[in-house]
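Each chain is listed here by its residues.
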Amino acid sequence: MKKDIIWNDSGWTRVQDADPEKHVLEISVRAEDAKIVEARIRHNDGEEVNAKLYVAGELKMPMEMAEFKKLFAKKKVEFR
């Protein structure tokens, strides 16, 4: 997982680098006006899929950037 993330209140931010066990190249989120509105998972075969953010099994998108940062740091956010 990335340790140094440059957060963008608008635009794309890569939040996770490669995870070979899950065949994931990267996970990125897009924010508009400090709210996470879109997430994408790019697989190592080149496939890119839209993802959703879940916290404790509950869909949480759009999500305020401040809340996302806090939960992401605590590893409470799941991308599916």
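Coordinates for the structure precede this section.
What counts and what doesn't
- Residues numbered from 1 in each chain as written.
- Predicted model: local features only at pLDDT ≥ 70, side-chain atom pairs only at ≥ 80, totals over all residues.
- Heavy atoms only, no water.
- Helix = DSSP H or I, 4+ residues; strand = E, 2+ residues; numbered from the N terminus.
- Rg over C-alpha atoms; globule rule 2.2 N^0.38 Å.
- Buried < 20%, exposed > 50% of the residue type's maximum accessible area, 1.4 Å probe, protein only.
- Contact = heavy atoms within 4.5 Å.
- Areas by Shrake-Rupley, 256 points an atom, 1.4 Å probe, with all protein chains shown as cover.
- Lys, Arg positive; Asp, Glu negative; His and termini not counted.
- Charge placed at Lys NZ, Arg CZ, Asp CG, Glu CD.
- Core = buried A, V, L, I, M, F, W, Y, C linked by side-chain atoms within 4.5 Å.

Side note on the overall build of the protein chain
Here is step 1 of the chain: Each helix and strand counted, the protein chain has one helix and eight strands in total.
Here is step 2 of the chain: The C-alpha radius of gyration of the protein chain comes to 12 Å, within 12% of the 12 Å expected for a compact globule of 80 residues.
Here is step 3 of the chain: Taking the principal axes of its C-alpha atoms as reference, the protein chain extends roughly 30 × 25 × 25 Å.
Here is step 4 of the chain: Counting only residues that meet the buried cut, the protein chain has 34% of its 80 residues in that class.
Here is step 5 of the chain: In the protein chain, the share of contacts with a sequence separation of at least 24, taken over all contacts with a separation of at least 6, comes to 30%.
Here is step 6 of the chain: With the model as given, the accessible surface of the protein chain reaches about 5,300 Å², and the carbon-plus-sulfur share is 45%.
Here is step 7 of the chain: For the protein chain, the distance from the average position of its 16 positive side-chain charges to the average position of its 16 negative side-chain charges is 5 Å.

Some details on the nonpolar core
Here is step 1 of the chain: Val-15, Phe-68, Val-77 and Phe-79 are the most contacted members of the largest nonpolar core, which has 19 residues in total.
Here is step 2 of the chain: Those elements giving two or more residues to this core turn out to be strand E2 (24-32), strand E3 (35-43), strand E5 (53-55), helix H1 (65-73) and strand E8 (77-79).
Here is step 3 of the chain: With residues near it in sequence (within four places) discarded, Val-77 still touches Leu-53, Tyr-54, Val-55, Phe-68, Leu-71 and Phe-72.

Structural notes on unusual backbone geometry
Here is step 1 of the chain: Residue Pro-62 is bonded to the preceding Met-61 through a cis peptide linkage, with omega at 5 degrees.
Here is step 2 of the chain: On the secondary structure map, Pro-62 appears in the loop between strand E6 (58-59) and strand E7 (63-64).
Here is step 3 of the chain: Despite not being glycine, Asp-33 has its phi angle at roughly 50 degrees, a positive value.
Here is step 4 of the chain: If you trace the backbone, Asp-33 turns up in the loop between E2 and E3.
Here is step 5 of the chain: Look at Asp-33 and you get exposed, because its relative accessible area is 69%.

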